Amino acid sequence: MDSSSHPTPQLRSPEQAADEVIALFKSPIAQGNHGEVVPQIDHALQAAQLARKANARDGEVLAALLHDVGHFCASDENGSVEGIGVADHDDVGAGYLRGLGFSEAVIDIVEGHVDAKRYLVSRDERYTGRLSGVSTRSLEAQGGAMTSEEATNFEKTTRFEEKLRLRVWDDQAKVPGALVEPIEGYRGLLVRDLSRTSA
Ligand code: FE
Ligand code: FE
């Protein structure tokens, strides 16, 4: 067999991986709403902008930008449920980001953002009332409120505070028509994180 027709997979450079993420954000699936009032891409860009405004660390800004990538990096066959998207999008997204070479400082927060909701629901009744309709509907599919033992264990996980902070931006980043910096404005941040972990 002609080996040239089966090239060994090339590792992406940080720049290529960043451009892949940017292209994904511009793809039709990222323009979908998954039942929310704003498209996925707007939700992600608003969350990242809120993180920047709060002077969050670069890793937190990237986690805010990428937290829901699991909804649109996977095909529809990967468990997307009408109206709530991919229920385990935290794990799907984390796996995707790990494959691209992002740092654990980013991935860990993305991976914990659904657990942060389950935590807050268990610890703060008012929080539950403030969730959007989609977030409330998806909660059951995501395991519901944490038990008090689960919540105590979650408090001991790495970047616990960051996971809760992302949740605040996540819940706020649903404003129709809000002006946001385009995804290209995050290319430098994306490349910097990818360069650090691939070096
Ligand atoms: Fe999410
Ligand atoms: Fe979200």
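Note on numbering: residues in each chain are counted from 1, in written sequence order. Chains and ligands are labelled by the order in which they are written, letters from A for the one and numbers from 1 for the other. Totals for whole chains, interfaces and linings use every residue, but because this is a predicted model, local features are given only for residues with pLDDT of at least 70 and side-chain atom pairs only at 80 or more, for both listing and counting. Working from all heavy atoms in the structure, the side-chain values ignore hydrogens and water.

Caption draft 1: Just helix H5 (residues 89–100), in detail. Over its twelve residues, H5 extends 16 Å from the first C-alpha to the last, a length consistent with the 16 Å expected when each residue adds 1.5 Å. Each residue is placed in one exposure class: buried if its accessible area under a 1.4 Å probe, protein chains only, is under 20% of its type's maximum, exposed if it is over 50%, and partly exposed if it falls in between. Elements are defined by DSSP. Helices are runs of H or I of four residues or more, strands are runs of E of two residues or more, and each kind is numbered from the N terminus. Every buried residue belonging to H5 is among His89, Asp90, Gly93, Ala94, Tyr96, Leu97 and Leu100, and all of these are buried. Each buried residue of H5 sits inside an arc of 165° when the element is viewed along its axis, so together they form one side. How far a helix is expected to stretch is found by multiplying one less than its residue total by 1.5 Å. The directions from the helix axis to the C-beta atoms form the arc being described.

Caption draft 2: Region of the structure containing the coordination of the iron ion (ligand 1). Looking at the metal site, the iron ion (ligand 1) is ligated by Asp68 (OD), His89 (NE2) and His113 (NE2), spaced 2.1 to 2.2 Å from it. Nitrogen, oxygen and sulfur within 2.8 Å of a metal are treated as its donors, or within 3.2 Å for sodium, potassium and calcium (Na, K, Ca); water is not counted, so a site can appear incomplete. Separation of the iron ion (ligand 1) from the iron ion (ligand 2) amounts to 3.6 Å, with aspartate 68 serving as a shared donor to the pair. With aspartate 68 in the loop between helix H3 (58–66) and helix H4 (69–72) and histidine 113 in helix H7 (residues 113–123), this residue pair connects regions lying 45 residues apart in the sequence. Each member of the pair, aspartate 68 together with histidine 113, is buried.

Caption draft 3: Examining the coordination of the iron ion (ligand 2) more closely. Taken together, the protein ligands of the iron ion (ligand 2) are His43 (NE2), His67 (NE2), Asp68 (OD) and Asp170 (OD), with distances of 2.1 to 2.3 Å. In this scheme the shape depends on donor count and angles: four donors with every angle between 85 and 135 degrees give tetrahedral, four or six donors with opposite pairs above 155 degrees and others between 65 and 115 give square planar or octahedral in turn, and any other case is irregular. Angles of 79 to 172° at the metal separate the four donor atoms of the iron ion (ligand 2), which places the site in the irregular class. Look at where the donors of the iron ion (ligand 2) fall in the sequence and you get H-x23-H-D-x101-D. Using a relative accessible area of 9% as the deciding quantity, one classes aspartate 68 as buried.

Caption draft 4: Up close: unusual backbone geometry. The phi torsion at asparagine 55 lies on the positive side, around 55°, for a residue other than glycine. Along the chain, asparagine 55 turns up in the loop between helix H2 (40–53) and H3. Of note in the backbone geometry, arginine 159 takes a positive phi value of approximately 55° without being a glycine. Here arginine 159 lies in the loop between helix H10 (148–155) and helix H11 (160–172).

Caption draft 5: View of the nonpolar core. Residues belong to one nonpolar core when they are buried, are Ala, Val, Leu, Ile, Met, Phe, Trp, Tyr or Cys, and are joined through side-chain atoms within 4.5 Å. Among the nonpolar cores identified, the biggest contains 40 residues, and Val21, Phe25, Leu65, Leu66, Leu97, Phe102 and Leu190 are the most heavily contacted of them. Every element with two or more residues in this core is listed here: helix H1 (14–25), H2, H3, H4, H5, helix H6 (104–111), H11 and helix H12 (187–198). Once you skip the residues sitting within four places of it in the chain, leucine 66 turns out to touch Val21, Phe25, Leu97, Phe102, Val106, Val110 and Leu190. With twelve residues, the next largest nonpolar core counts Ala116, Tyr119, Leu120 and Phe160 among its residues. By definition, residues are in contact when any of their heavy atoms lie within 4.5 Å.

Caption draft 6: Region of interest: the packing of H2 against H3. To obtain an axis, a line is fitted to C-alpha atoms, over the contacting stretch when the element is a helix, and the angle between two such axes runs from 0 to 180 degrees between their N-to-C directions. Closest axis-to-axis distance for the H2/H3 pair is 7 Å, and the angle between their directions is 160°. In terms of orientation, H2 lies roughly antiparallel with respect to H3. Classified by chirality, the crossing of H3 by H2 is right-handed. Contacts between H2 and H3 involve Ala44, Leu45, Ala47, Ala48, Ala51 and Arg52 from the first element and Glu60, Val61, Ala64 and Leu65 from the second. When the residues that make up the contact of H2 with H3 are grouped by side-chain class, the tally is eight nonpolar, no polar and two charged. Between 65 and 115 degrees an angle is taken as roughly perpendicular, under 35 as roughly parallel, over 145 as roughly antiparallel, and anywhere else as oblique. Crossings are classed by handedness, with left-handed meaning an anticlockwise turn of the near helix from the far one by less than a right angle and right-handed meaning a clockwise turn. Charged residues are taken to be Asp, Glu, Lys and Arg, nonpolar residues to be Ala, Val, Leu, Ile, Met, Phe, Trp, Tyr, Cys and Pro, and polar residues to be all remaining types, Gly included.

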